[in-house]
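Structural features, examined
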Amino acid sequence: MEIMKAIERYTDHAIELRREIHRSPELSGNEHDTTKLIRRELEQYGIQVRESGLETGLIADINGKKPGKGRMIAVRADIDALPVEEKTGEEFASCVPGVSHACGHDMHTAALLLAARVLKEMEDDFCGTVRLMFQPAEEKGDGARAMIAHGALENPRPDAVLGIHTWPDTPAGMIGVKPGPSHASSDTITILVRGKGGHGAHPYRCVDPIMASAYLLTQLQTLVSRELPMTESAVLTFGTIHGGTAANVIPDEVKLQGTLRCLNADWREKLLASVRRVSEECCLAMRAEAEVTVKEGMPPLVNDTEMIEKLAASAEKVLGPDHVHRLQTASPGSDDFAFYLEQVPGILFRMGTGNDDPATHIGLHNGGNRFDERGIPTGAAVMAQYILDYLSE
Ligand code: NI
């Protein structure tokens, strides 16, 4: 409980920081003031920021002073906000119209600053290194890759990586853990269906891309039910379909755009191949042509099962028993933390932010969702305890 005392000493300040960040949210890639605030705080705690060349976001190491050959663990907090109007009515609500911390990344930032402050004070008690990764642009999906490109996983390479995310379904004061698949992959699919336009009264002289698209959409929806085992899950949604200009004209082409979510890297690959096959062959049967483009998004986020169990043990050590919420299902949402996990084993756990106020359960990415700030000391304490346990292993 030594850690909890240190955490409690600085909790009020961490909550003030969260509110300061919350009032001035910044969109992905524009987190200049947030980065300045983080730098200011780290320097006050005596933590030196590494010159990484990142425009926003930053990297800093805390080196343990205890003699011995220590390991390195990296810990990430994402720092960006969303283009969502805030409707929480909080006194510290966003001052920027149309922008808010509706995903709670301000909570992550405050929690990691709090954990860092306590770990820095305890530097004599551990050997090894804690790498702090304050990551920009998670919401755009390219922040983790930018961090990696700027050396976040080098000099030296971390042995493990730890991440945290707010979770409205878990009560504040608890953490949520999900061993194995935790978040889905997310790829954007564009299908251009090419036909041959002409008079709506003479379809035999044309190749109708609208009919081909209609058939194609229903065929594609058989992939999840017919090509995936019942023990796996995936979602394929087409959110846009555009084509045509008049009721009596067959257009030249139709464009469809959709998203594929999977919990497993192999099935992601197989289903993407199936989308291509079905699109091409189905259109061919109707004399049309399909051009499929996939913009690869985030990979599935799969937690290391052994590390999750050890984190749960660390959490019970610092929070007491019955403070670990075991989540039964993965989230169909994505997190670019998965890019770190492609290179280093690790885990992402959830910081509970729910309470009796129904507004804390509205859900992430909604401008009305409130976050219980007790999640900050809880998340920080679990991060600090787990990191110390990991480094002393
Ligand atoms: Ni988020």
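These numbers were taken from a predicted model, which means no experiment stands behind them. (Residues numbered from 1 in each chain as written. Predicted model: local features only at pLDDT ≥ 70, side-chain atom pairs only at ≥ 80, totals over all residues. Heavy atoms only, no water.)

What follows is about the packing of helix 2 (residues 32-44) against helix 3 (residues 105-121). Two numbers describe a pair of packed helices, the interaxial angle and the distance between the axes. Relative to each other, helix 2 and helix 3 sit at 15°, their axes nearing to 10 Å. Classed by the angle they form, the pair helix 2 and helix 3 counts as roughly parallel. Considering the relative orientation of helix 2 and helix 3, their crossing is right-handed. Across the interface between the two elements, Leu37, Ile38, Glu41 and Leu42 from helix 2 touch Thr109, Leu113 and Ala116 from helix 3. The residue inventory of the contact of helix 2 with helix 3, partitioned by class, reads five nonpolar, one polar and one charged. (Axes fitted to C-alpha atoms, helices over the stretch in contact; angles between N-to-C directions. Helix = DSSP H or I, 4+ residues; strand = E, 2+ residues; numbered from the N terminus. Parallel < 35°, antiparallel > 145°, perpendicular 65-115°, else oblique. Left-handed = near helix turned anticlockwise from the far one by under 90°. Contact = heavy atoms within 4.5 Å. Nonpolar A, V, L, I, M, F, W, Y, C, P; charged D, E, K, R; others polar.)

Packing of helix 3 against helix 10 (residues 375-392) brings their axes to within 8 Å, and their N-to-C directions diverge by 45°. Judged by the inter-axis angle, helix 3 sits oblique to helix 10. As helix 3 packs across helix 10, the resulting crossing turns out to be right-handed. Of helix 10, the residues touching helix 3 (which contributes Met107, Ala110, Ala111, Leu112, Leu114, Ala115 and Leu119) are Ile376, Pro377, Ala380, Met383, Ala384, Ile387 and Leu388. For the contact of helix 3 with helix 10, the residue count by class is 14 nonpolar, no polar and no charged.

Moving on, we come to the sheet that holds strand 15 (residues 324-326). With respect to topology, eight strands assemble into an open sheet ordered 1-2-4-3-5-16-6-15, the strand pairing being mixed. The strands lining the two open edges of the sheet, one partner per strand, are strand 1 (49-50) and strand 15. Note that strand 6 (residues 175-177) and strand 16 (residues 346-354) share two bridges and pair antiparallel. Looking at strand 16, one finds that Gly176 is bridged to Arg350. Taken strand by strand, helix 2 contacts strand 1, strand 2 (58-63) and strand 4 (129-135), and its axis lies near 15° from that of strand 2. Each of strand 3 (72-78), strand 4, strand 5 (160-171), strand 6 and strand 16 is contacted by helix 10, which is oriented at about 165° to strand 3, the strand it contacts most. (Pairing = 2+ DSSP bridges.)

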